Amino acid sequence: MKKISLTVEGMSCSHCEKAVINALEDLGVSSVKASAQNSLVDIEFDESKLSLETIKKEIVETGYMVA
């Protein structure tokens, strides 16, 4: 499993956090935590099943920017 932290711009509330969490859970990440206050998303995922680029693309498609 790979653990990463991404800076995600545009999250401003708990609804934003939940939108990112739901989108990434639907992709099949092992775990995800989002913090609008810190603009961070902590993700654990299996690199053999999911790529970092796919994760970033999903966040952008959800309406946020990965810095």
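Let us look at the structure shown here. The model shown is predicted, which means the values in this text are computed figures rather than measured ones.

Attention now moves to the sheet that holds strand 4 (residues 65-66). Strand order in this open sheet of four strands is 2-3-1-4, and the pairing throughout is antiparallel. With one partner strand each, in any of the chains shown, strand 2 (31-35) and strand 4 form the two edges of the open sheet. The pairing of strand 2 with strand 3 (residues 40-45) spans five bridges and is classified as antiparallel. When the sheet's bridge partners are listed, Ser31 is paired in strand 3 with Glu44. Sitting on the sheet, helix 2 (residues 52-62) is in contact with strand 1 (2-9), strand 3 and strand 4, with an inclination near 30° to strand 1.

We now examine the environment of Asp46. For Asp46, the location among the structural elements is in the loop between strand 3 and helix 2. Distance from Asp46 to Glu25, taken between C-alpha atoms, is 13 Å for residues 21 residues apart in sequence.

Attention shifts here to the pattern of salt bridges. Any two side chains of opposite charge can pair if their charged atoms end up close together. The tally for this structure, following the rule as stated, stands at two salt bridges. Where Lys2 meets Glu47, a salt bridge forms, and the shortest distance between an N and an O atom there is 3.8 Å. Here Glu47 lies in the loop between strand 3 and helix 2 and Lys2 lies in strand 1, a separation of 45 residues in the sequence. The partner of Glu61 in a salt bridge is Lys57, with the nearest N and O atoms 3.9 Å apart. Of this pair, Glu61 and Lys57 both sit in helix 2, separated by four residues, roughly a single helical turn. Residue Glu61 is classed as exposed on the basis of its relative accessible area, which comes to 55%. Given the relative accessible area of 53%, Lys57 is considered exposed.

What counts, and at which threshold
Throughout this document, residue positions are counted from 1 along each chain, in the order its sequence is written. Local features are withheld for residues below a pLDDT of 70 in this predicted model, meaning they are given only at 70 or higher, and side-chain atom pairs are given and counted only at 80 or more; totals for whole chains, interfaces and linings count all residues. For the side-chain quantities, the full set of heavy atoms in the structure was used; hydrogens and water were omitted. The rule for pairing is simple: two strands pair if DSSP sees at least two bridges between them. Strands here mean DSSP runs of E at least two residues long; helices mean DSSP runs of H or I at least four residues long; both are numbered from the N terminus. Whether two residues touch is decided by their heavy atoms; if any such pair falls within 4.5 Å, the residues are in contact. Here an angle of 0 to 180 degrees is reported between the N-to-C directions of two axes, which are lines fitted to C-alpha atoms, with helices fitted over the stretch in contact. Each salt bridge in this description consists of a side-chain nitrogen of Lys or Arg and a carboxyl oxygen of Asp or Glu lying within 4 Å of one another. Relative accessible area decides the class of each residue, using a 1.4 Å probe on protein chains only: under 20% of the type maximum gives buried, over 50% gives exposed, and in between gives partly exposed.

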